[in-house]
Amino acid sequence: MSRKKILLDVDEVICFSGFLDAVNEFLGTSYLIDDFTDYYIDEVAIPKDQFEDFKRFASARNNYENPDFLPGAIETIEQLSEYYDIYICSSCVNPFYPLESGDVFKNKFNFLVEYLPFINPENFIFTSSKQLIKGDIIIDDSISHLNSDIEIKILFPSYHNRDISDRELEEKNIIRGGRDWRNGWEEVKRILLDENML
Ligand SMILES: [Mg+2]
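The model shown is predicted, which means the values in this text are computed figures rather than measured ones. (Residues numbered from 1 in each chain as written. Predicted model: local features only at pLDDT ≥ 70, side-chain atom pairs only at ≥ 80, totals over all residues. Heavy atoms only, no water.)

Participant: What should I look at first to understand the overall build of the protein in this one?
Facilitator: A count of helical and extended segments in the protein gives seven helices and six strands. Shown N-terminal to C-terminal, the secondary structure of the protein runs as helices and strands in the order β-α-α-α-α-β-α-β-β-β-α-β-α. Viewed in the frame of its principal axes, the protein has a C-alpha envelope of about 55 × 35 × 30 Å. Relative to its 198 residues, the protein shows a buried fraction of 45%. Summed over its atoms, the accessible surface of the protein is roughly 10,600 Å², and 47% of this surface lies on carbon and sulfur atoms. (Helix = DSSP H or I, 4+ residues; strand = E, 2+ residues; numbered from the N terminus. Buried < 20%, exposed > 50% of the residue type's maximum accessible area, 1.4 Å probe, protein only. Areas by Shrake-Rupley, 256 points an atom, 1.4 Å probe, with all protein chains shown as cover.)

Participant: Hey, could you run me through the domain arrangement of the protein in this one?
Facilitator: Put simply, an interface is often sized by how much accessible area is lost when its parts join up. One can read the domain layout of the protein as domain 1 (5-16 + 68-192) and domain 2 (19-59). The straight-line distance from the C-alpha centre of domain 1 to that of domain 2 is 23 Å. Of the residues lining the interface, 15 residues belong to domain 1; the matching set on domain 2 comes to 16 residues. For the pairing of domain 1 and domain 2, the buried interface totals around 1,300 Å² over both sides, and the portion due to carbon and sulfur atoms is 53%. The three residues of domain 1 that bury the most area against domain 2 are F96, Y97 and Y159, which together make up 51% of that side's buried surface. (Domains from an automatic or database assignment. Contact = heavy atoms within 4.5 Å. Buried area = accessible area lost by both parts, 1.4 Å probe.)

Participant: Help me understand the coordination of the magnesium ion, please; the structure alone is not making it clear to me.
Facilitator: Octahedral metals with six donors have ideal donor angles of 90 or 180 degrees. Tetrahedral metals with four donors have an ideal donor angle of 109.5 degrees. The coordination sphere of the magnesium ion contains the protein donors D9 (OD), D11 (O) and D141 (OD), at a distance range of 2.1 to 2.3 Å. One chain supplies every donor to the magnesium ion, and in sequence these donors are spaced D-x1-D-x129-D. Note that D11 is positioned in the loop between strand 1 (5-8) and helix 1 (19-27) and D141 in the loop between strand 4 (137-140) and strand 5 (152-155), a separation of 130 residues in sequence. (Donors = N, O, S within 2.8 Å, 3.2 Å for Na, K, Ca; no water.)

Participant: Looking at this model, I keep getting lost on the side chain of D141. Mind explaining?
Facilitator: Put simply, D141 is tucked away with no salt bridge, and the nearest opposite charge, on K130, sits 6.3 Å away. For D141, the contacting residues outside a window of four places in its chain are D9, D11, E12, V13, Y39, L155, F156, S158, H160 and N161. (Lys, Arg positive; Asp, Glu negative; His and termini not counted. Salt bridge = Lys/Arg side-chain N within 4 Å of Asp/Glu carboxyl O.)

Structure (C-alpha cells):
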C-alpha cells in the first residue's frame, strides 16, 4: 500500500507565527497567546492610530529567526515522517504588504530546511490557496483550510479555535487534535500512529 500524504501547516502548528512577539515588542506589553481568542491578535491589541507603524515594524522582522515551537512538534513530525509522506502546506504572503512577501518565502524556507531536515524541500508547498491541494490527511489550525475533499481533517488546537463547537466539527467531519495547543502534538501523534490509521 502506498504511504499516505499529510499536508502540514506551519504557523501555529509547527511554531508560533511571531505576531505575538511583534505586538509585545512594539507595545512594550507582555501579552500571552491565551489572552486572545481572535486569530488576528494585532487587530485586537494595536491601537488604530499606531497600526500603520506596526505594519512596518512587523514586516521588517524575521519571524522564523528564533522560532517558538509548539511542544513536541519537531520530534513528532520526524516520527510521523517514518510512516507518512509529509508535505508542508503554508502561506508565505505578508498580510500587510503582499507585494513584499519575498522575505517571508525565504525566511520560512530557511527555517524549514534548518529545523526539519528530514522533509525534502521538494515537498514544500507555499500557497494561500490550500483548497487546491489534495492529500490524504491535513493538519491545520484554521478551520477554513480543512479542505472538505480530504478524508482525514485534523484541527490543531489553538488560541483562536477553542470556541468552535463539537457539533460544527462533527458536521464538517473534522477531528479535533485536542483542546490545548500545549498537548496538540501528543494528540495528533496518538491519532496518526494508531495502527488503524497507518
Ligand atoms: Mg496556521
